[in-house]
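Architecture at a glance
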Amino acid sequence: MNVPFIDLKAQYLQVKPEIGRAIKAVLDRQDFILGRDVSFFEQEFAHYVGSRYCVGVNSGTDALYLSLKALGIGPGDEVIVPVFTFIATAFVVTCAGAKPVFVDIDERTFNIDVNKLERAITKRTKAVSPVHLFGQCADMQPLMSLCRRRGLAVVEDACQAHGALYKGAPSGILGATGCFSFYPTKNLGGSGDGGAIVTDNEGLYAKLRMMRDCGRKSKYEHHILGFNSRLDTLQAAVLRVKLRRLNSWNNKRIGCARLYSRLFADIPGVAIPYAAPGSRHVYHIYAIQVDNRDAVVAYLNRMRVGCMVNYPIPLHLQVVYKDLGYKKGDFPVAEKLSRRIISLPMHPCLAKREIEYVVKTVQKALKEA
Ligand SMILES: Cc1ncc(COP(=O)(O)O)c(C=O)c1O
């Protein structure tokens, strides 16, 4: 059996006629730039997340970058980010002219370890950017109270956590801004790049709307420094269709994750993902841990089970960040995880028999690899 890591086509087929109609309507109107689907999507996504405002942008990267810039972060400032995440969380800090400061992760949730956060704060720290990794929210209650006490802004990286809940609170609404990516493989993914920023702060909203559109107040009046980071109308049209399916697709993912975890429970040598009680993990990624990871990955590939390693190199060991002066051993939890982790096939159209095959193949890999 061939089990792909992700099956975008199967998902597309579930909404093909609606997407076709939505795209045709944009083509008929020719309102490609900040057209009516953009403002409808912004309203609908804000409503979905439970925030007052939403600004559609070009990508998750831009959502994070513009948030930092709108908060006035720049040269001389430090922003704390988890050391185990996709690199965009950190490079936006560098691109904003500030310095990323890494903090190790919690070994159960893989999210920023809030107990280690306070030690990383200096007088230059301006913000913290927790990541809701793999679809599970960071421990936001202690994080928010620490940031409030120390006067730090919080920019939530919710790029992998559309629809996740932290103790009832949707991902993205607790920080000054919540940043989402609509990269095609995300739980809510477009037919190309896209992103959004949600916020309850009217001032930030007004600023971000201008920043993503050349800093414009009107067509040729430019009041602040911005650039072109508009969410494309065609993408907004596709996202509006898919947003209506997000809860049911997330529920499918959760069902798949439960089946995986139930089947893996009887298999020694496999650590299954931990879902914190009282929260809703939406399994953008279903990641297990094993000892001889590389051999298991090679075996799975040979058996045509799609798998990935998110992420094989923690940020402090990335070449691009060698000048920050970190070294091997500085973040032991992330380093250990990066040697053990494997992401297994996960998407809303994954069938029971495919999950059973993946689990059996992992079991065989552990014996034979
Ligand atoms: C945690 C995280 N942050 C930021 C991003 C950047 O999003 P985009 O690819 O839309 O720029 C991603 C996307 O992969 C991500 O996973």
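Leaving glycine out, the prevailing phi sign among residues is negative, and the prevailing peptide bond configuration is trans. Residue tyrosine 311 is bonded to the preceding asparagine 310 through a cis peptide linkage, with omega at 10°. One non-glycine residue, leucine 34, adopts positive backbone phi at about 45°. In this structure, leucine 34 sits in the loop between α1 (8–29) and α2 (36–49). With a phi close to 65°, cysteine 214 is a non-glycine residue in the positive phi region. For cysteine 214, the position within the fold is in the loop between α7 (202–211) and β10 (216–218). Judged by relative accessible area, which is 27%, cysteine 214 ranks as partly exposed.

Enumeration according to the criterion identifies two cavities of 30 Å³ or more in this entry. Estimated volume of the largest cavity: approximately 50 Å³. Lining the largest cavity are Arg108, Thr109, Phe110, Phe134, Gln136, Pro273, Tyr274, His281, Ile285 and Ala287. Grouping the amino acids of the lining of the largest cavity by side-chain chemistry returns six nonpolar, three polar and one charged. In this structure, the second largest cavity spans a volume of roughly 40 Å³. As for the second largest cavity, its lining consists of Gln11, Pro184, Lys186, Asn187, Leu188, Gly189, Lys242 and Trp249. Residues that form the lining of the second largest cavity fall into these classes: three nonpolar, three polar and two charged.

Turning our eyes to something else, we now look at the site of the ligand. By nearness alone, 14 residues border the ligand, and Gly60, Thr61, Asp157, Ser181 and Lys186 come closest of all. Here glutamine 160 contributes a side-chain N or O atom positioned 2.9 Å from an oxygen atom of the ligand. Note that an oxygen atom of the ligand is positioned 2.7 Å from one of the side-chain N or O atoms of serine 181. Out of a free accessible area of 390 Å², the ligand has 91% covered by protein chains. Going through the elements one at a time, α3 (60–70) and α4 (88–95) are the ones with two or more residues in the shell around the ligand. Residue composition of the shell around the ligand, grouped by class: five nonpolar, seven polar and two charged.

To continue, consider the environment of valine 155. In this structure, valine 155 sits in strand β5 (residues 153–157). Through-space distance from the C-alpha of valine 155 to that of serine 67 is 7.0 Å; in sequence the pair is 88 residues apart. Those residues in contact with valine 155 that lie beyond four places of it in its chain are Leu64, Ser67, Leu68, Leu71, Val128, Ser129, Pro130, Thr177 and Cys179.

Moving on, we get to the state of the cysteines. Applying the stated rule across the entire model yields zero disulfides. Between cysteine 349, a cysteine without a disulfide, and cysteine 256, which holds the nearest cysteine sulfur, the sulfur-to-sulfur distance is 8.9 Å. Residue class for cysteine 349 comes out partly exposed when judged on its relative accessible area of 23%.

A word on the sheet that holds β5. What the seven strands build is an open sheet, ordered β1-β9-β8-β5-β4-β2-β3; its pairing is mixed. Edge positions in the open sheet fall to β1 (53–57) and β3 (99–103), since each of these has one partner strand only. Neighbour-to-neighbour, the strand axes of this sheet turn through a mean angle of 25°, independent of strand direction. Judged from the three bridges that link them, β5 and strand β8 (residues 177–181) form a sheet pairing that is parallel. Among the inter-strand pairings, aspartate 157 is bridged to a residue of β8, identified as cysteine 179. Running over the sheet, α2 touches β1, β8 and β9 (195–199) and is turned about 125° from β1. The sheet contacts of α7 involve β1, β8 and β9, and relative to β1 the element is tilted by about 20°.

For the rest of this paragraph, the subject is the pattern of salt bridges. This model, assessed by the stated rule, comprises 18 salt bridges. Residue glutamate 18 is joined to arginine 245 by a salt bridge in which the shortest nitrogen-to-oxygen separation is 3.2 Å. Here glutamate 18 is found in helix α1, whereas its partner arginine 245 is found in the loop between α8 (233–243) and α9 (246–264), with 227 residues between them in sequence. Judged by relative accessible area, which is 23%, glutamate 18 ranks as partly exposed. Using a relative accessible area of 25% as the deciding quantity, one classes arginine 245 as partly exposed. The salt bridge partner of aspartate 113 is lysine 116, with a shortest N-O separation of 3.6 Å. Owing to a relative accessible area of 11%, aspartate 113 belongs among the buried residues under this scheme. Of the residues examined, lysine 116 reaches a relative accessible area of 26% and is grouped as partly exposed. A single network of salt bridges, built from pairs that share partners, joins Arg29, Asp31, Asp37, Glu44 and Arg240.

About the criteria used
- The residue numbering used here restarts from 1 in each chain and proceeds along that chain's sequence as written.
- Local features in this predicted model are restricted to residues of pLDDT 70 or higher, and side-chain atom pairs are both shown and tallied only at a pLDDT of 80 or more, whereas totals for entire chains, interfaces and linings draw on every residue.
- Neither water nor hydrogens contribute to the side-chain values; these are computed over all heavy atoms in the structure.
- The helix count covers DSSP runs of H or I at least four residues long, the strand count covers runs of E at least two residues long, and both are numbered beginning at the N terminus.
- Accessibility here uses a 1.4 Å probe with only protein chains present; expressed as a share of the type maximum, an area under 20% marks a residue as buried, one over 50% as exposed, and anything in between as partly exposed.
- Lining residues are those with an atom within 4 Å of a point, where the points come from a 1 Å grid over the protein atoms alone and group into cavities, where a 1.4 Å probe fits but cannot get out, or pockets, open sets with protein on both sides within 12 Å along at least five of seven lines.
- Grid points are joined across faces, edges and corners, and a volume is the space filled by probe spheres set on the points.
- Residue polarity is assigned by list, with Asp, Glu, Lys and Arg as charged and Ala, Val, Leu, Ile, Met, Phe, Trp, Tyr, Cys and Pro as nonpolar; anything else, Gly included, falls into the polar class.
- A single heavy atom is enough: if one lies within 4 Å of a molecule or strand, its residue is considered near that molecule or strand.
- Two N or O atoms form a polar contact when they lie within 3.5 Å of each other; inside protein one atom must be a possible hydrogen donor and the other a possible acceptor, and for residues adjacent in sequence the pair counts only when both atoms belong to side chains.
- Surface accessibility follows the Shrake-Rupley procedure with a 1.4 Å probe radius. Residue values consider only the protein chains on display as shielding.
- Whether two residues touch is decided by their heavy atoms; if any such pair falls within 4.5 Å, the residues are in contact.
- The disulfide criterion used throughout: a pair of cysteine sulfur atoms within 2.5 Å.
- Each pair of strands is called paired provided DSSP finds at least two bridges between the two strands.
- Helix axes are fitted only over the stretch in contact, all axes being lines through C-alpha atoms; the angle between N-to-C directions runs from 0 to 180 degrees.
- The term salt bridge refers to a side-chain nitrogen of Lys or Arg lying within 4 Å of a carboxyl oxygen of Asp or Glu.

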